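Examining the three-dimensional arrangement
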Amino acid sequence: MLIVQKFGGTSVGDLERIQNVANRVSETRKAGNDVVVVVSAMSGETNKLVAYAEHFSATPERGEVDMLLSSGERVTAALLAIALNEMGHAAVSMSGRRAGIVTDNLHTKARIEEIDPSAMHKAIKEGKIIVVAGFQGVSLDGNVTTLGRGGSDLSAVAIAGAIGADLCEIYTDVSGIYTTDPRIEPKAKKLDRISYDEMLELASLGAKVLQNRSVELAKKLNVNLVTRTSFSNEEGTLITKEENIMEKPLVSGIALDKNQARVSLFAVKDRTGIASEIFNKLAQSSVNIDMIIQNVAHDGSANIDFTVPVSDLTDAKAVVDGFIQSGDIKGASYDEKICKVSIVGVGMKSHTGVAAKAFTTMATENINITMISTSEIKVSMVIAEKYAELAVRSLHDAYELDK
Ligand code: ADP
Ligand code: ASP
Ligand code: MG
């Protein structure tokens, strides 16, 4: 088999753990497989580098940030290759560039445009174990880019697709995908299987166990994706097509996103096209908008509220300030002390009352819901951040996910 194995930050968190990863890769190789390994930076490393940059500037130039952040993954890749060579394997590390990962030039959240797998194919043919530095690529104009936080998952899936791997294993510090973050609800249960669509919703709604774009791509390329732990041989969770899942629970999982902020625009001028102007400007600044609510007052002017990731708030503020200066908006306020709690499940498609139960559960706990959004397979609610964990646990109980 041709297997891609990705190891996250905790799994390569210190030298002993890197040796542990080397042992696992070695076993996979000795069992007769070809292996391409993708590694993250050692845990905490990327955050440390971000803090270094912010020591000098609140708005560091993004190309420089990518130059800086991409170094973390290269350290781990080289160390793992050295460890594997020492064990008698022929291993070679590759930067994103050498692995042929070409992206657009949207620094710090670049998208993969294409992968040229020729260098990887050549090394595999020569019997080498390849260790790719995750999270990075090279733009068409030759600059180092990074793929957004958690982006090593995306590197792994994209590489698995490009080289036609039989399996893509994501090794992390929990033994699979649980009904909710096991750090918040110890009663959470590990799922044997979950559909691409449910996993995509969970990941997009805050379950950082997999980066959402990696799940999107896995679905598109039909990559066999397994999440498991690097600390034991326990079986993980298979992320697969919905038709491969026999039992379809009403609710499969609960996600929590604390990294959301609410933007409230007051007295937005009543004229045609104003919403389109505001949201187009936000899109041009790469601000990710999620929920939007508009209330029209008696005088015809509107209040518009929406949520953005906290990391996009500075960019959002800059856009909003422009509209305040031009007089299109009277004022704005910002609230970072919110969170988004979501329930996800394909079973919702064919059942009624799922959302009602979520609202009742919040009411019973005296938690005020300030925004709601739904899709076919999810219900999301914005609440005050201080109730985040309580909300997750109550919903977990209400849908009996521990059973
Ligand atoms: P890595 O460094 O390996 O990429 P991450 O920290 O990005 O690992 O993701 C693993 C973490 O995701 C777990 O430690 C867990 O706290 C969190 N997590 C959130 N939601 C879930 C879930 N539904 N199932 C499993 N883990 C989850
Ligand atoms: N090291 C990067 C991060 O912390 C990428 C990753 O770990 O996937 O976001
Ligand atoms: Mg991760």
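Residues numbered from 1 in each chain as written. Chains lettered and ligands numbered in written order. Predicted model: local features only at pLDDT ≥ 70, side-chain atom pairs only at ≥ 80, totals over all residues. Heavy atoms only, no water.

**Regarding the nonpolar core**
Counting 43 residues, the largest nonpolar core has Val4, Met120, Ile130, Ile159, Ile163, Cys168 and Met199 as its most contacted members. Sorting elements by how many residues they give to this core places helix 5 (residues 152-163) first, with seven residues. Not counting the four nearest positions on each side in its chain, Ile163 is found in contact with Leu2, Val4, Val36, Pro117, Met120, His121 and Ile124. By size, the runner-up hydrophobic cluster in this structure holds 21 residues, among which are Ile184, Val251, Ile254 and Ala391. (Core = buried A, V, L, I, M, F, W, Y, C linked by side-chain atoms within 4.5 Å. Buried < 20%, exposed > 50% of the residue type's maximum accessible area, 1.4 Å probe, protein only. Helix = DSSP H or I, 4+ residues; strand = E, 2+ residues; numbered from the N terminus. Contact = heavy atoms within 4.5 Å.)

**Here we look at the pairing of strand 18 (residues 338-344)**
In terms of burial, strand 18 is a largely internal element, seven of the seven residues being buried. On strand 18, burial covers both faces: Ile338, Lys340, Ser342 and Val344 on one face and Cys339, Val341 and Ile343 on the other are all buried. Inspection of the sheet shows strand 13 (residues 253-257) paired to strand 18 by five bridges, in the antiparallel sense. Counterpart to Asp257 in the pairing with strand 18 is Lys340. (Pairing = 2+ DSSP bridges.)

**Brief notes about a nonpolar patch on the surface**
A cluster of nonpolar side chains, Leu15, Val75, Leu79 and Ile82, forms an exposed patch at the surface whose accessible area comes to about 370 Å². Of the residues forming the nonpolar patch, the biggest block, three residues, is contributed by helix 3 (residues 62-86). When you line up the elements, Ile82 lands in helix 3. (Patch = residues over 30% accessible without salt bridge, like charges linked within 9 Å, V, L, I, M, F, W, Y side chains within 5 Å. Areas by Shrake-Rupley, 256 points an atom, 1.4 Å probe, with all protein chains shown as cover. Salt bridge = Lys/Arg side-chain N within 4 Å of Asp/Glu carboxyl O.)

**Some remarks on the sheet that holds strand 16 (residues 302-309)**
If you walk across this open sheet you meet the four strands as 15-16-14-17, and the pairing is antiparallel. Strands at the two margins of the open sheet, each flanked by one partner only, are strand 15 (292-296) and strand 17 (329-335). If you compare each strand with its neighbour and ignore which way they point, the axes differ by 15 degrees on average. Set on the sheet, helix 9 (residues 313-325) makes contact with strand 14 (260-268), strand 16 and strand 17; between it and strand 17 the angle comes to about 165 degrees. (Axes fitted to C-alpha atoms, helices over the stretch in contact; angles between N-to-C directions.)

**Examining helix 1 (residues 15-30)**
Taking 1.5 Å as the rise per residue, helix 1 with 16 residues should run 22 Å; its terminal C-alpha atoms sit 22 Å apart, in good agreement. Where helix 1 is buried, its residues meet strand 1 (2-7), strand 2 (34-39), helix 3, strand 6 (129-133), strand 9 (167-172) and strand 11 (225-229). One side-chain oxygen at the N-terminal end of helix 1 lies 3.2 Å from the backbone nitrogen of Glu16; it belongs to Asp14. Just past helix 1, the residue Gly32 takes up positive phi, approximately 100 degrees. (Expected span 1.5 Å × (residues − 1). Polar contact = N/O pair within 3.5 Å; in protein donor to acceptor, adjacent residues only side chain to side chain.)

**With respect to the site of ligand 1**
Neighbouring ligand 1 are 17 residues; Thr172, Asp173, Tyr178, Asp181 and Arg183 lie closest to it. Thr172 is positioned with one of its side-chain polar atoms (N or O) 2.7 Å from an oxygen atom of ligand 1. Between ligand 1 and the protein, one listed contact pairs an oxygen atom with a side-chain N or O atom of Arg183 at 2.6 Å. In isolation ligand 1 has 580 Å² of accessible area, and contact with the protein removes 89% of it. Class assignment of the residues belonging to the shell around ligand 1 gives a composition of seven nonpolar, five polar and five charged. (Near = heavy atom within 4 Å. Nonpolar A, V, L, I, M, F, W, Y, C, P; charged D, E, K, R; others polar.)

**Describing the pairing of strand 9**
In terms of burial, strand 9 is a largely internal element, six of the six residues being buried. Every second residue of strand 9 is oriented toward a common face, with Leu167, Glu169 and Tyr171 on one face and Cys168, Ile170 and Thr172 on the other, all of them buried. Relative to strand 9, strand 1 runs parallel, the two sharing five bridges. Bridging from a neighbouring strand, Gln5 pairs with Glu169 of strand 9. Relative to strand 11, strand 9 runs parallel, the two being bridged by five bridges. Looking at the pairing, Tyr171 lines up with Arg228 of strand 11.

**Comments concerning the packing of helix 4 (residues 118-125) against helix 5**
With their axes 10 Å apart at the nearest point, helix 4 and helix 5 run at an angle of 70 degrees to one another. One way to sum up the angle between helix 4 and helix 5 is to call them roughly perpendicular. Two secondary-structure elements touch here, helix 4 through Met120, His121 and Ile124 and helix 5 through Ile159, Ala162 and Ile163. Partitioned by chemical class, the residues of the contact of helix 4 with helix 5 number five nonpolar, one polar and no charged. (Parallel < 35°, antiparallel > 145°, perpendicular 65-115°, else oblique.)

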